[in-house]
Every structure is written in structure tokens, then in C-alpha cells.
Amino acid sequence: MNQRILIVDDEVRIRKIMTLLFREEGYRVLAVENGREALRVIGEFDPDVVLLDQQMPGMSGTQVLEKIKQIRPEQTVLFVSAFGSVSLAGAAIRKGAFYFIEKPFDNDNLIFKVKRALEMNSLKGEVKTLRRLLDKENNPIVGESGALKEVVAQIGMVAQTHATVLVHGESGTEKELIARAVHTHSLRSAGPFVAVNCGAIPLSLMESELFGYEKGAFTDARDSRAGTFEAASRGTLFLDEVGELPMDAQVKILRVLEEKKVTRLGSKKTIPIDVRIIAATNRNLEEEVRKGNFRLDLFYRLNVFTVTLPPLRERHEDIPLLVDYFIDKHNRMMNLQITGITREAMALIKNYDWPGNVRDLDNALQSAMILASQGILKTEHLPLRVRGYEQAAELPDGEELDGNIRDINARFEKEIILEMLKKHNYNRTLTAQAMKISRKTLFNKMKRYGLLND
């Protein structure tokens, strides 16, 4: 084992205990007594993990952490301190510490936390590989938000296993993109990826589509045909919108998952299958189980490892990256020449809730680019619903919206307010919060447009 641990603590006893502890585990260890010494040796020693004390002469642990992150942004640092206040722990985590461990520490717990940190280091490398693979396949996961990074980390963890994956997220969050990412980075990547939209298959065709049929099984069965389970052999079968499956189909799919065999319609012969299942849904399957709409045993079969995709409204910081990506994508696909987007238009896009999520943003930008055809995307190119209301866009440095937006607002503000009221069941408090205006301002606008009695 060549993994290295740097211990930074002014107490001789603690340095000796930790050094012996981690050397017995097979790690290379270097212990220093203060932050300045740590900063001096960190580049040469190149530690995988730094164990850092807070209360030291000269520089405090949080000051050392800041310096480390400046010169080595990806460095994994664990705080180990006797001053275990909530505020100190929070400050350490915000500055980039991986864990905060209080002294006196439990040896086994300390070893566990270090091993966990090292596993995450390894995972970071896998995630970078995954990103390269995704880019190579023109199947990118775009964004740098903490929520999306967590999803990418989960993909890296589960892809190399054979576990069944359940992807949960609202419509438009690109659940198939996640399924393809898992497949691309898995041991089955050389095999086929077969996607089935369970909500789009008529009930009468469900069994033949999934399990296949033999010639003569029914009137139009002129030839034998493999179903999607067979087609995905040695690869991945993606069951999209699995929550839409009727109960009869759920029973049959459960049997296939348990027996790992299918029987085509019109045949008594069973065919072994070797597929990985990734399912996706925008429904709460636990709630569907309680309502009697989804089988509990099938839910357990599918819910081995869950990846939850955050809606776009919870990761607005990813929107500029997505805008750049979609502009480049549609320029290439539609032979357009859009060179950028105004700050006003970007502000409106960032402040819109995007109920249809990433797919909604993609479609809105495609429409806007067609209208503009070339040059800069402006506010007038955006769909009406995105242009929104005057308070929706907060520009940098206190800049005001341009006159064009104000003209649009004057024409369409009543329509937008009414739409938002309906969306929030005419609850004025929730509507005002969603529109980022005060309740009094909302009341005055409703009065102006004659909406108080609607």
C-alpha cells in the first residue's frame, strides 16, 4: 500500500499515536508539528490525506486548510480537533474539509474515516474517467453544482457493480442520460443498451414487446421476434417510466427478474437472459405501493441502488453551462450562427423555474435560436413564459432590465400573475415567494389587473 498520510498536530503524543496507528494499517506516514512545516513538505510528500489539528502555534488549522486549498484544491483534509464546536466544524467543512473528527477519537472510527476519504479519492479518478467516456460518446452530463456532482459520484460507485439501479426524477431531468452513463462506464459497456418507455407501450402489445413472440403466436406474427429482454442480452435494459406499468406486466417482469428467463408468446421454451436492469420513474414508487398501484416485491427488486436527479430549479448554477452546451449543440445540428446571449436574457433564464427541467430549457433555447438565427440571443427571442415579470431577473451590480423587457411586462404581466396564482392554488403568500416579490406588491398588482375577485 503506497497511500500517504500527513499528520499535522502540535502534541507529540497525538503524533506518535496516529503514526503507529496508520503504519500498522500499511500507510506511509509523515508527522509534523505545525502548519508552516506542513505547507513546506506537502508538495514533496504528496499526501493522499491530511489529518489536521485546529489549535496550533503560529497558524490555526482553518488557516492552514485555506492555504492548502489554495495550492492543492483537490487535497483531502480531515480535521481532528479537541475544540469540537458546531461553528468550528461548520467552518472547516465550508472551507473544504472532508470530515471533522473530535478528540479524543476512537481509533477504529478514525481509521474508518480515513479509508472512506481514500475511497472517495479513488472515486474522483473514476468520475474523471467517466466524464471523458461521456464526452466521447457525445452523452455529456453538464453542470458543476454540488447536487450534480453527487449524482456523478453515485454513477461512478454503482457502474462497476452488477446492481439494479432505480433512477428517480421529475419529467425532463434526463433520466435516460444517467442510465446510459451507468451502462457506458460498466463492465457491460460493450453490450447493447436497450431503452423501453413503459408508459408508451399499449397494454395489448406489452408482453410481445418485452418478451418477444414466435411465428404464428397471433394473427400478425408472420415471423419470430425477440423481445427487449433478449435484445439487451449481455448489456443493459432501461425500463423508463416503470411506474406506468400495469399490474399484469409487473407480475411478469418480476418473474423474469427472479428466474432470469423469458418465454416468448406462443412458445413453452424458456430462454436464459443476462441483462442489467436500470429503471426510471417520476413517481414516488413507495407511495404507489401504498396505494396498491405498484407491487412491493417488484419495488424491492428495482430499488437496490437509487439515484435521485435534482430538478433544474434546485441547481440554477448549472444553467449557464447548459445554455452554452445547448447553443453549441443547436448551432451544429441546425446550421445556425448564434454567438452568445445577452446578460438580460441569461438573467431571465437563470431565474425561471423550468417546470420541464433540462429538456424544457433545451426546447426553449432551440426555439429562441431559430427566431434569432444568428448573432446574440436577446430577451425578445425567449418564450413568453421565460421572459416573465420585472422582478424575476436580478442582474449583476444592480443593473436594471432593458426597456424591451419592461414593455413585455406591461403587456403580459397580468397573464403571468394569473398563471402563477393558479399554479399555487391562489395562495398569495406562495405566489409572491415564487415571483420573488412581496405579498403587498402582489396584492397591488392583482388589484391593478382586476384579479382580486378571480
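Refer to the structure above for everything that follows.
Residues numbered from 1 in each chain as written. Predicted model: local features only at pLDDT ≥ 70, side-chain atom pairs only at ≥ 80, totals over all residues. Heavy atoms only, no water.

Colleague: How would you summarise the overall build of the protein chain if you had to cite specific residues and measurements?
Modeller: A tally of helices and strands in the protein chain yields 19 helices and 16 strands. Looking at the protein chain as a whole, 48% of its 454 residues qualify as buried. For the protein chain, the proportion of contacts with a sequence separation of at least 24, taken over those separated by at least 6, is 70%. Of the roughly 23200 Å² of accessible surface on the protein chain, 48% is carried by carbon and sulfur atoms. (Helix = DSSP H or I, 4+ residues; strand = E, 2+ residues; numbered from the N terminus. Buried < 20%, exposed > 50% of the residue type's maximum accessible area, 1.4 Å probe, protein only. Contact = heavy atoms within 4.5 Å. Areas by Shrake-Rupley, 256 points an atom, 1.4 Å probe, with all protein chains shown as cover.)

Colleague: Help me get a handle on the packing of helix H6 (residues 146–159) against helix H7 (residues 175–184), residues and values and all.
Modeller: Two elements in contact, H6 and H7, have axes whose closest approach is 9 Å; the angle formed by their N-to-C orientations is 40°. Our classification of the angle between H6 and H7 gives oblique. For the crossing formed where H6 meets H7, the hand is right-handed. Seen from H6, the contacting residues are Val-151, Ile-155, Val-158 and Ala-159; seen from H7, they are Ile-178, Ala-181 and Val-182. Its residues assigned to classes, the contact of H6 with H7 shows seven nonpolar, no polar and no charged. (Axes fitted to C-alpha atoms, helices over the stretch in contact; angles between N-to-C directions. Parallel < 35°, antiparallel > 145°, perpendicular 65-115°, else oblique. Left-handed = near helix turned anticlockwise from the far one by under 90°. Nonpolar A, V, L, I, M, F, W, Y, C, P; charged D, E, K, R; others polar.)

Colleague: Help me get a handle on the packing of aromatic side chains, residues and values and all.
Modeller: Under the defined criterion, the tally for this structure stands at seven aromatic pairs. Consider the rings of Phe-79 and Phe-100, whose centres lie 6.0 Å apart with planes at 15°: the pair is stacked. Taken together, the positions of Phe-79 in strand E4 (residues 76–81) and Phe-100 in strand E5 (residues 99–102) put the pair 21 residues apart, joining distant regions of the chain. A single burial state applies to Phe-79 and to Phe-100, both of which are buried. (Phe/Tyr/Trp six-rings, centres within 6.5 Å; stacked < 30°, edge-to-face > 60°.)

Colleague: Please set out the pairing of strand E3 (residues 49–52) residue by residue, giving values where relevant.
Modeller: When a strand is regular, its side chains alternate between the sheet's two faces. Residue alternation in E3 divides its side chains into two sets, Val-49 and Leu-51 and Val-50 and Leu-52, and both sets are buried. With four bridges joining them, strand E1 (residues 4–8) and E3 adopt parallel strand pairing. Across the sheet, residue Leu-6 finds its bridge partner in E3, namely Val-50. With helix H3 (residues 61–71) bridging E3 and the parallel E4, this β-α-β connection has right-handed handedness. (Pairing = 2+ DSSP bridges. Right-handed = clockwise from strand over helix to strand, strands pointing away.)

Colleague: Can you lay out the sheet that holds strand E6 (residues 165–168) for me, pointing to particular residues and giving the numbers?
Modeller: Paired through their backbone hydrogen bonds, the strands of a sheet run either parallel or antiparallel. Strand order in the open sheet formed by five strands is E7-E10-E13-E6-E14, with parallel pairing between adjacent strands. If you trace the sheet from one side to the other, it starts and ends with strand E7 (193–197) and strand E14 (305–308), each paired once. Across the sheet, the mean angle separating the axes of adjacent strands is 20° when strand polarity is ignored. Relative to strand E10 (residues 236–240), E7 is paired through five bridges, and the arrangement is parallel. Its bridge partner lying in E10, Val-196 is registered against Leu-239.

Colleague: I'd love a proper account of the pairing of E4, names of residues and values included.
Modeller: In terms of residue burial, E4 counts as a mostly covered element, since six of its six residues are buried. Burial along E4 is two-sided: Thr-76, Leu-78 and Val-80 facing one way and Val-77, Phe-79 and Ser-81 facing the other are all buried. Taken together, the four bridges between E3 and E4 define a ladder with parallel strand orientation. Note that in E4 the partner of Leu-52 across the bridge is Phe-79. Across four bridges, E4 lies against E5 in parallel orientation.

Colleague: Lay out the environment of Thr-184 with the relevant residues and their values.
Modeller: In this structure, Thr-184 sits in helix H7. Judged by its relative accessible area of 18%, Thr-184 falls in the buried class. Sequence separation of Thr-184 and Ala-159 is 25 residues, and the distance between their C-alpha atoms is 8.3 Å. Side-chain polar atoms of Thr-184 contact the backbone oxygen of Arg-180, separated by 2.7 Å. (Polar contact = N/O pair within 3.5 Å; in protein donor to acceptor, adjacent residues only side chain to side chain.)

Colleague: Can you break down H6 residue by residue, with the values?
Modeller: Between its first and last C-alpha, H6 extends 20 Å over 14 residues, near the 20 Å set by a 1.5 Å rise per residue. The complete set of buried residues in H6 reads Leu-148, Val-151, Val-152, Ala-153, Gln-154, Ile-155, Gly-156, Val-158 and Ala-159. (Expected span 1.5 Å × (residues − 1).)

Colleague: Mind laying out the side chain of Glu-230, listing which residues take part and the relevant values?
Modeller: Examined against the element boundaries, Glu-230 turns out to sit in helix H9 (residues 228–231). On the accessibility criterion, Glu-230 (17% relative accessible area) is buried.

Colleague: Explain the pattern of salt bridges residue by residue, including any values.
Modeller: Summed over the entire model, instances satisfying the criterion amount to 23 salt bridges. Asp-274 is paired through a salt bridge with Arg-188; the nearest N and O atoms lie 2.6 Å apart. On the criterion of sequence distance, the pair formed by Asp-274 in the loop between strand E12 (270–272) and strand E13 (276–281) and Arg-188 in the loop between H7 and E7 is long-range, its members being 86 residues apart. We classify Arg-188 as buried; its relative accessible area is 14%. Between Asp-360 and Arg-385 there is a salt bridge whose closest N-O contact spans 2.7 Å. Here the residue Asp-360 occupies a position in helix H15 (residues 357–372), and Arg-385 occupies one in helix H16 (residues 384–387), the gap between them amounting to 25 residues. (Salt bridge = Lys/Arg side-chain N within 4 Å of Asp/Glu carboxyl O.)

Colleague: Just give me the short version of the sheet that holds E4, but keep the residues and values in it.
Modeller: Spatially, five strands are ordered E2-E1-E3-E4-E5 in an open sheet, and the strand pairing comes out parallel. Each having just a single partner strand, strand E2 (28–32) and E5 make up the two edges of the open sheet. Strand-to-strand, the axes of this sheet are offset by a mean angle of 20°, without reference to chain direction. One ladder, built from five bridges, connects E1 with E2; its direction is parallel. Paired with Leu-6 across the two strands is Leu-30, which belongs to E2. Packing of helix H1 (residues 12–24) onto the sheet brings it into contact with E1, E2, E3 and E4, and relative to E2 it is tilted by some 170°. Strands in contact with H3 are E3 and E4; relative to E4, the strand with the most contacts, it is inclined by about 175°.

Colleague: Which residues make up the environment of Ala-364, and what values go with them?
Modeller: Tracing the backbone through its elements, the reader meets Ala-364 in helix H15. Each C-alpha atom, one on Ala-364 and one on Ile-349, is 9.6 Å from the other, the two residues being 15 residues apart in sequence. Aside from chain neighbours lying at most four places away, what touches Ala-364 is Trp-354, Pro-383 and Arg-385.

From the geometry alone we can't say anything about function, so treat these as descriptive.
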